[in-house]
Amino acid sequence: MKVVVGSKNPVKLKATENILNQIYSQVEVQAKHADSEVPDQPIGMETTVKGAINRAKNVFSKEFDLSVGIESGLLEVPHSITGYLDLQWCAIFDGEKITLGVSSGFEYPPPVIKKVLEGMEVGDVMDQVTGVDSLGEKKGAVSHLSRGLLDRTGNTEQCVLMAMIPRMNEKAYFE
């Protein structure tokens, strides 16, 4: 099984490898840059899912069995403290069909959301808050906020696994 991830982010690559190695006996996973064709800081489900799908489709070629696009974005959530939760969406493309999955969501502190709504990317704000450069390519904001109980790799694995469920149950979903 040859798979390409539409991002050079090492967390997205590792999370994809971790999940697919549990599903398939032999997996080769590569990372290649792919344009999401959405704003750098996606806001809203439609925009975030579109970014994941675009990444998967834009990196797919016949040399791969599957391509994976992963996009994090803020989703408006009523009754939350800030009005937004961060969710990661995964799109898996095989040249014909797309399957989708989403991670568990979490909420950023109000000052972070305020700066994002003023035009900053959440990653840049969290780098400032934590003092860690490229936090999103390391343990991630979710690790910082959960005091290490969940890191970004684990959070990303969730969306990859959820996107694989229809592929793991082909008869139930596609026949």
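Visitor: Lay out helix α3 (residues 110–117) with the relevant residues and their values.
Guide: Those residues of α3 that fall on the buried side of the exposure criterion are Val 112, Ile 113 and Val 116. Buried residues of α3, seen end-on, are gathered within an arc of 95° and therefore sit on one face of the element. Exposed residues pointing more than 90 degrees away from the buried face of α3 are listed as Pro 111 and Lys 114. In the core, the buried residues of α3 are packed alongside β3 (66–76), β4 (84–93) and α4 (122–130). Where α3 terminates, the next one or two residues include Gly 119, which has phi positive at roughly 120°.

Visitor: Any chance you could break down the packing of aromatic side chains for me, citing the residues and the numbers?
Guide: Counted under the stated rule, the structure contains 3 aromatic pairs. Ring geometry for Tyr 173 against Phe 174: centres 6.4 Å apart, planes inclined by 45°, an arrangement best described as tilted. Relative accessible area serves as the criterion here: at 35%, Phe 174 is assigned to the partly exposed category.

Visitor: I'd love a proper account of the sheet that holds strand β2 (residues 28–31), names of residues and values included.
Guide: Read from one edge of the open sheet, 5 strands run β2-β1-β3-β4-β5, paired in mixed fashion. The two strands at the open ends of the sheet, each matched to only one other strand, are β2 and β5 (98–102). Along the sheet, successive strands turn relative to each other by an average axial angle of 25°, direction set aside.

Visitor: How would you explain α4 if you had to name every residue and give the values?
Guide: Within α4, burial applies to Val 122, Val 125, Met 126 and Asp 127. A positive backbone phi angle near 80° is found at Gly 131, which sits one or two residues after α4.

Visitor: Lay out the packing of α3 against α4 in plain terms, naming residues and giving numbers.
Guide: It is at 9 Å that the axes of α3 and α4 come closest, and there the two elements cross at 135°. In terms of orientation, α3 and α4 fall into the oblique class. In this structure, the crossing between α3 and α4 has a hand that is right-handed. Residue-level contacts link Val 112, Lys 115 and Val 116 of α3 to Val 122, Val 125, Met 126, Gln 128 and Val 129 of α4. Considered class by class, the residues forming the contact of α3 with α4 number 6 nonpolar, 1 polar and 1 charged.

Visitor: How would you summarise the pattern of salt bridges if you had to cite specific residues and measurements?
Guide: Taken as a whole and assessed by the stated rule, the structure comprises 5 salt bridges. The salt bridge partner of Glu 63 is Lys 32, with a shortest N-O separation of 4.0 Å. Taken together, the residues span a long stretch of sequence, with Glu 63 in the loop between α2 (45–59) and β3 and Lys 32 in the loop between β2 and α2 at a distance of 31 residues. The partly exposed category is assigned to Glu 63, whose relative accessible area is 44%. A relative accessible area of 32% means that Lys 32 is categorised as partly exposed. One salt bridge in this structure joins Asp 94 and Arg 167, with 3.1 Å as the shortest N-O distance. Here the residue Asp 94 occupies a position in the loop between β4 and β5, and Arg 167 occupies one in helix α6 (residues 152–168), the gap between them amounting to 73 residues. Since its relative accessible area comes to 21%, Asp 94 is described here as partly exposed. Salt bridges here are not isolated pairs; linked through shared partners, they connect Asp 94, Lys 97 and Arg 167.

Reading guide: rules and limits
- Residues numbered from 1 in each chain as written.
- Predicted model: local features only at pLDDT ≥ 70, side-chain atom pairs only at ≥ 80, totals over all residues.
- Heavy atoms only, no water.
- Buried < 20%, exposed > 50% of the residue type's maximum accessible area, 1.4 Å probe, protein only.
- Helix = DSSP H or I, 4+ residues; strand = E, 2+ residues; numbered from the N terminus.
- Arc of directions from axis to C-beta.
- Contact = heavy atoms within 4.5 Å.
- Phe/Tyr/Trp six-rings, centres within 6.5 Å; stacked < 30°, edge-to-face > 60°.
- Pairing = 2+ DSSP bridges.
- Axes fitted to C-alpha atoms, helices over the stretch in contact; angles between N-to-C directions.
- Parallel < 35°, antiparallel > 145°, perpendicular 65-115°, else oblique.
- Left-handed = near helix turned anticlockwise from the far one by under 90°.
- Nonpolar A, V, L, I, M, F, W, Y, C, P; charged D, E, K, R; others polar.
- Salt bridge = Lys/Arg side-chain N within 4 Å of Asp/Glu carboxyl O.

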